[in-house]
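Chains, contacts and geometry: an overview
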Amino acid sequence: MICPDDMNRLADEGLSRRERLELLDHVRGCRRCSALLASTDPVGIFSLLALETPPVDELERLSARIDSEVAAAPVPARATTRWVSMAASVLLAGIFATYLWTRPAVIPEAANLRPSVLDTLDLQGIPTADAAGSVEWVTSPGTAQVMDLSVGEMQVVMIFDEAMDI
Amino acid sequence: MQEEGKLIGLAAAGDRAAFSELVRIKRELVVRIATQITGNREDALDVAQGVFLKLWKGLAKFDRKRRFDTWLYRVTVNAAIDSLRTKGPRGMIQPLPDDPAALEIGEPAQAQRQLDLDELQRAFRRLAAGLAPKQRTAFVLREIEGLDTAEVARIMNVAESTVRNHLLQARRLLRAGLERDYPGLVPTVRGAREDGS
């Protein structure tokens, strides 16, 4: 191949890979062209690395390793099988969502949302005495209210003392 | 050798023999790209093995309206960058020789006729170790593989302007490295003839 008129062809994005490799092979062996390339575009000299090819024996060993692993690996599920599974999942999700949307909601009666006082208790208090005979009140005398906190069918009754402790 | 599209179809359907043939056709491309990005042949072979296994598992869902090579490049580039980030630039940081004259090819009268690709490769690996992975990738795909900017952008999944920016940075850093560390990498020519002798 004679020296190309225009070394800018190397930067040409329209070159096929074969054309480019032919041009690079010439540049590599031509002092004039390689010097010209280096002087106009020093970094362009690295484009010659396109001529580097991996050794065939390494590629053969690579193929052997891959063949061995693929032989042991399962055949991947085809896209159509996956699409069917996905479609079935979407359909089931849609059916469940429709059920949740259309079933009647349980709304507690308004009266049950306001707690009512069922009773008021007089607390006697619970005393305790130690070995020396002095008395201590475990719980103080006072009053407590019995309140109905039921909601719907769930019955809840709680006793609160004056401090609103249970 | 079966037409590539047919091979892809058969391999996607689980035909191991077709897949093996597809590997033989594409292995050089994958190893080449992985070697230039990782800078290490052993790592590149590991990357290539991973790429093809991933291909085996994912070929069934590959949209055949897209270009297969673009997809293969993208998977390779991503795997090579991951390897580079995980293992670091192994084997790429090499000290400069003590004798600066060793960097030069020699006087015009004694210089080899052909550029030494091994020397060039060593220089590139050393200088490219200073590039960010994406700068290195853009340079490898555009300047070494010779892909056009649009294709590089598709492979890297970035805008063309981003590719151009990566290239600009890569070229600037490599040029500075060449001038500083490898002033004699390429012989100068005095009075060389048109036919290169």
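What counts and what doesn't
- Residues numbered from 1 in each chain as written.
- Chains lettered and ligands numbered in written order.
- Predicted model: local features only at pLDDT ≥ 70, side-chain atom pairs only at ≥ 80, totals over all residues.
- Heavy atoms only, no water.
- Helix = DSSP H or I, 4+ residues; strand = E, 2+ residues; numbered from the N terminus.
- Buried < 20%, exposed > 50% of the residue type's maximum accessible area, 1.4 Å probe, protein only.
- Contact = heavy atoms within 4.5 Å.
- Areas by Shrake-Rupley, 256 points an atom, 1.4 Å probe, with all protein chains shown as cover.
- Polar contact = N/O pair within 3.5 Å; in protein donor to acceptor, adjacent residues only side chain to side chain.
- Buried area = accessible area lost by both parts, 1.4 Å probe.
- Salt bridge = Lys/Arg side-chain N within 4 Å of Asp/Glu carboxyl O.
- Nonpolar A, V, L, I, M, F, W, Y, C, P; charged D, E, K, R; others polar.
- pLDDT = per-residue confidence, 0-100.

**Details of the overall build of chain B**
- A count of helices and strands for chain B gives eight helices and zero strands.
- Reading chain B from its N end, one meets helices and strands in the order α-α-α-α-α-α-α-α.
- Taking all 197 residues of chain B together, 52% fall into the buried category.
- Taking the contacts inside chain B whose residues are at least 6 apart along the sequence as the reference set, 68% of them involve residues at least 24 apart.
- For chain B, the computed accessible surface area is about 9,600 Å², with 47% contributed by carbon and sulfur atoms.

**Regarding the overall build of chain A**
- If you tally the helices and strands in chain A, you get four helices and five strands.
- Once local pairs closer than 6 in sequence are excluded, the contacts in chain A between residues at least 24 apart make up 36%.
- Accessible surface, chain A as shown: approximately 11,400 Å² in total, 60% of it carbon and sulfur.

**What about the side chain of B:Asn40?**
- Here B:Asn40 lies in the loop between α2 (16-38) and α3 (41-58).
- Within the local environment of B:Asn40, its side chain forms a polar contact with the backbone nitrogen of B:Glu42, the two atoms lying 3.0 Å apart.

**Details of the interface of chain A and chain B**
- On the chain B side, the residues contacting the 46 residues of chain A number 56 residues.
- Carbon and sulfur atoms supply 58% of the area buried between chain A and chain B, which totals about 5,000 Å² over both sides.
- Contact with chain B buries surface across chain A, with A:Arg28, A:Arg31 and A:Phe46 losing the most and accounting together for 16% of the total.
- Put simply, chain A and chain B have six salt bridges between them.
- The salt bridge partner of B:Arg171 is A:Asp41, with a shortest N-O separation of 2.3 Å.
- The interface formed by chain A and chain B holds 16 residue pairs in polar contact (both at pLDDT 80 or more) in total.
- Of all the secondary-structure elements, those providing two or more residues to the side of chain A that touches chain B are α1 (17-29), α2 (31-40), α3 (56-72) and α4 (79-102) of chain A.
- Here the residues of the side of chain A that touches chain B sort into 26 nonpolar, five polar and 15 charged.

**Structural notes on the environment of B:Arg64**
- Tracing the chain through its elements places B:Arg64 in the loop between α3 and α4 (68-87).
- Each residue touching B:Arg64, except ones within four places of it in the same chain, is listed here: B:Ile8, B:Gly9 and B:Ala12.

**Here's the deal with the confidence of the model for chain A**
- Confidence in the prediction for chain A averages 75 pLDDT; 64% of positions are at 70 or higher.
- By mean pLDDT, the top-scoring element of chain A is α3(A) (95), and the lowest-scoring one is strand β3 (residues 135-139) of chain A (54).

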